[in-house]
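# Survey of secondary and tertiary structure
The primary structure of each chain is shown beneath.
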Amino acid sequence: MSTRAAFPGLLMALPAALALLALLYLPFFGTVLLAFSDWSFTPAPPRFVGLANFERILAEGRLQGTLGNTLLFALMAVCGTLLTGLCAALALERRTVLNGLLRSVALLPLMSASVAMLLVWEMMLNPIVGPGATLFALFGGTPLHWLGEPRLALPTLAVIFVWQNFGLAMVLFLAGLAGTEAQIREAVRIDGAGWADELRIVRLPALAPIALFVFVVALIRALQAFDLVAVLTRGGPDGASRTLIYAIFEEAFRYFRADVAAALSLVFFCLVAAIVLTKVLVLDRAMRGS
Amino acid sequence: MAGTLATIAKLLLLGLVALPFMVMLTVALTDSGLMLLLGGASQAELTLTHLGHVLRDGAYLTYFINSSIVAGGTLLGQLLVSVPAGFALARLRLPGRGLFFAAVLAALVVPHEVLALPLFVGMSSLGLMDTLVALILPSIASPFAIFLFRQVFLTLPQDLLDAAAIDGIGSFGMLTRIGLPVAASAIAAFAVISLSAHWNDLLWPLIVSQTEASRTVPLGLINYRNEESGDDYGPLMAACLLMVAPLLIMFLALQRHFVRGLTFLGLK
């Protein structure tokens, strides 16, 4: 290998290296720089202000509220995705024609255009003309304003997130289930264990590392859920669904406070990086160890 | 017991998952679909009026073309940049390989939303705002794609490359004649994921597009929703259907690749 020239390798790697440098590393350091400066789309060059932007977002109480919304949404969305994804995987594990069809259906929400289907959800949840309203009227209740009620907005968004993402969890769980030894399950069954016992003794322990993995994937997707908020609530009502990812967008491109948006972006980056690093350190090591 | 539970879960799954699609189809393709769903009408006639209404609107065609160019251009750019880089990382002599690979791995951790603000500033200082180029360019740097194709090319048997070298085939020949056929199915899987992601993308077009000329389908739909206030959901649902349709067709045709692509998502 050493006799071969380095030229072709360098030539093939060069475009990617340049693209990463110009479109990823440079902007990333731009965000870091902006987070510690006082620049907001003005002609004047950025001035270093230390931690002032972070003090500002803390003092305004914006970060706390936003983080609270983000974590609450992530908790509901991720738990829902894990649970439904696991159930779907267990239900559709056997390869039958019907199950194959249902697996495809389960992936439709993930595949189909996000914004288009969000608009469908918005119509269905409309308290005046939406089909959801009629359902409530049938039982004599007043139609709920699913997206317009501060207490309901975030849980409603979480439900739609679960609808979009449980197919992904299902696919990942199915890949994991395929790894559980059929022979072990057979043996347990011969020993007289029922379906529930088999699930408890053999399969759930085997699924634990997969579940942790699906948890991380779903968590990062939940933190990045921008379309949901942008299309359905715009952070409202009254900031009740203002998540971190939406707050970054709002500060930068609605209020034009670039420095504040950059500070929030850095917080967001640290959150995601911490999750990914934890996953790499804990999960990948555990998987290699086993 | 197990059978009953499974059947219940399956029925719930089918009903809940498919419901929004059925509602969309009903409202988009019938004259009084919403009234039917609300119980205000006892029947609805199939009609193509709503679809026709959307298609006759020239703006929607522009959005469609824009979105196609953006999704296709992004994929092409990602492949042109990432496939050779993955091959070089996996198989060629490459000074600084360790550093480059570390840079790719570290870049995997950075969510693209964090980059939006400086990219916006960069694009506007280059005078690219409101152009399709600005919509495509930032997504071309894909550490995920580079990493993915490196993994794929690592599975190539070294004997094959050695034999090719003896036959006098150069590095580029190895990539196109040995590497690409092996990577074909990974490329297809990546393509399905990338196309649907960029067809659906909302955040970046929301920042970059300012006029009709560069508007993509998601932006067009939101605009349409905001402008056409009222209870006439037919045309809006027809527009949604037109946005979903290409993805559904691609999904049905390439489902195997899509499922494989989803398991890639976990690599991140």
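Residues numbered from 1 in each chain as written. Chains lettered and ligands numbered in written order. Predicted model: local features only at pLDDT ≥ 70, side-chain atom pairs only at ≥ 80, totals over all residues.

## Regarding the overall build of chain A
Within chain A, the regular secondary structure consists of 12 helices and zero strands. Reading the secondary structure of chain A in the N-to-C direction produces α-α-α-α-α-α-α-α-α-α-α-α. When each of the 290 residues of chain A is scored for burial, the buried share is 44%. Partitioning the contacts of chain A with sequence separation of at least 6, the portion at a separation of at least 24 is 66%. (Helix = DSSP H or I, 4+ residues; strand = E, 2+ residues; numbered from the N terminus. Buried ≥ 20, exposed ≤ 12 C-beta atoms within 10 Å, placed from the backbone. Contact = placed C-beta atoms within 7 Å.)

## Considering the overall build of chain B
For chain B, the helix and strand inventory stands at 14 helices and zero strands. Against the 2.2 N^0.38 benchmark of 18 Å for 268 residues, chain B shows a C-alpha radius of gyration of 23 Å, more extended than a compact globule. Once the C-alpha set of chain B is aligned to its principal axes, its extents read approximately 75 × 60 × 30 Å. Taking as baseline every contact in chain B between residues at least 6 positions apart, the subset at least 24 positions apart corresponds to 73%. (Rg over C-alpha atoms; globule rule 2.2 N^0.38 Å.)

## Some details on the nonpolar core
With 171 residues, the main nonpolar core has A:V120 and B:C240 as its most contacted residues. If we ignore the near neighbours within four places in the chain, the residues touching B:C240 are A:A116, A:L119, A:V120, B:M24 and B:L221. (Core = buried A, V, L, I, M, F, W, Y, C linked by C-beta atoms within 7 Å.)

## Focus on the interface of chain A and chain B
Taken together, the 72 residues of chain A in the interface contact 77 residues of chain B. When residues of the side of chain A that touches chain B are assigned to their parent elements, the largest contribution, 17 residues, is made by helix α1 (residues 7-35) of chain A. In terms of residue class, the side of chain A that touches chain B is made up of 60 nonpolar, 10 polar and two charged. (Nonpolar A, V, L, I, M, F, W, Y, C, P; charged D, E, K, R; others polar.)

## So, the domain arrangement of chain A
The parts lose accessible area when they come together, and the size of an interface is often stated as this lost area. Residues and elements named next belong to chain A. On domain assignment, one finds that chain A holds domain 1 (1-35) and domain 2 (50-289). Of the residues lining the interface, four residues belong to domain 1; the matching set on domain 2 comes to seven residues. Each residue belonging to the side of domain 1 that touches domain 2 can be placed in one class, and the counts come to three nonpolar, one polar and no charged. (Domains from an automatic or database assignment.)

## A word on the domain arrangement of chain B
Under the domain assignment used here, chain B contains domain 1 (1-47) and domain 2 (58-265). A per-class count over the side of domain 1 of chain B that touches domain 2 of chain B returns five nonpolar, no polar and no charged.

## Notes on helix α9 (residues 158-166) of chain B
Taken across its nine residues, α9(B) has zero buried, putting it largely on the surface. The first or second residue beyond α9(B) is B:G168, which carries a positive phi of 80 degrees.

## Considerations on the environment of B:A189
All names here are of chain B. Inspection of the secondary structure puts A189 in helix α10 (residues 171-200). On the basis of neighbour count, A189 is assigned to the buried category, with 22 C-beta atoms found within 10 Å. When the C-alpha atoms of A189 and L262 are compared, they prove to be 8.3 Å apart, with 73 residues separating the residues in sequence. Contacts of A189, omitting those with residues within four sequence positions, involve H257, R260, G261 and F264.

## Observations concerning the packing of helix α8 (residues 143-154) of chain B against α10(B)
All names here are of chain B. Where α8 contacts α10, the axes come no closer than 10 Å and their chain directions differ by 140 degrees. The pairing of α8 with α10 is recorded here as oblique in orientation. Judged by the twist between their axes, the crossing of α8 over α10 is right-handed. Contacts from A145, L148, F149, V152 and F153 in α8 reach G179, V182, A183, A186 and F190 in α10. For the contact of α8 with α10, a count of residues per class yields nine nonpolar, one polar and no charged. (Axes fitted to C-alpha atoms, helices over the stretch in contact; angles between N-to-C directions. Parallel < 35°, antiparallel > 145°, perpendicular 65-115°, else oblique. Left-handed = near helix turned anticlockwise from the far one by under 90°.)

## Structural notes on the confidence of the model for chain B
When pLDDT drops low, the exact placement of atoms in the prediction is not to be read closely. This prediction gives chain B a mean pLDDT of 87; 93% of its residues lie at or above 70. Here the predicted complex carries an ipTM of 0.90, next to a pTM of 0.90. (pLDDT = per-residue confidence, 0-100.)

## Quick word on unusual backbone geometry
Residue and element names in this part refer to chain A. Residue D238 is not a glycine yet carries a positive backbone phi of 60 degrees. On the neighbour-count criterion, D238 (9 C-beta atoms within 10 Å) is exposed. Despite not being glycine, F256 shows a phi value in the positive range, around 55 degrees. Relative to the helices and strands, F256 is located in the loop between α11 (244-253) and α12 (258-289).

## Some thoughts on α1(A)
Taking 1.5 Å of rise per residue, the 29 residues of α1(A) would be expected to cover 42 Å, and the 40 Å separating its terminal C-alpha atoms lies within 8% of that figure. Of all the bends in α1(A), the greatest, near 35 degrees, is centred on A:L14, and the proline A:P15 appears no more than four residues after it. (Expected span 1.5 Å × (residues − 1). Bend = angle between axes of the 7 residues up to and from the residue.)

## Describing the environment of B:V208
Residues and elements named next belong to chain B. You can see V208 is positioned in helix α11 (residues 203-208). Its 27 C-beta neighbours within 10 Å are what place V208 among the buried residues. Note: C-alpha distance between V208 and L48 (160 residues apart in sequence) is 34 Å. Residues within four places of V208 in sequence aside, it is in contact with M123, M129, D130, A134, L135 and S214.

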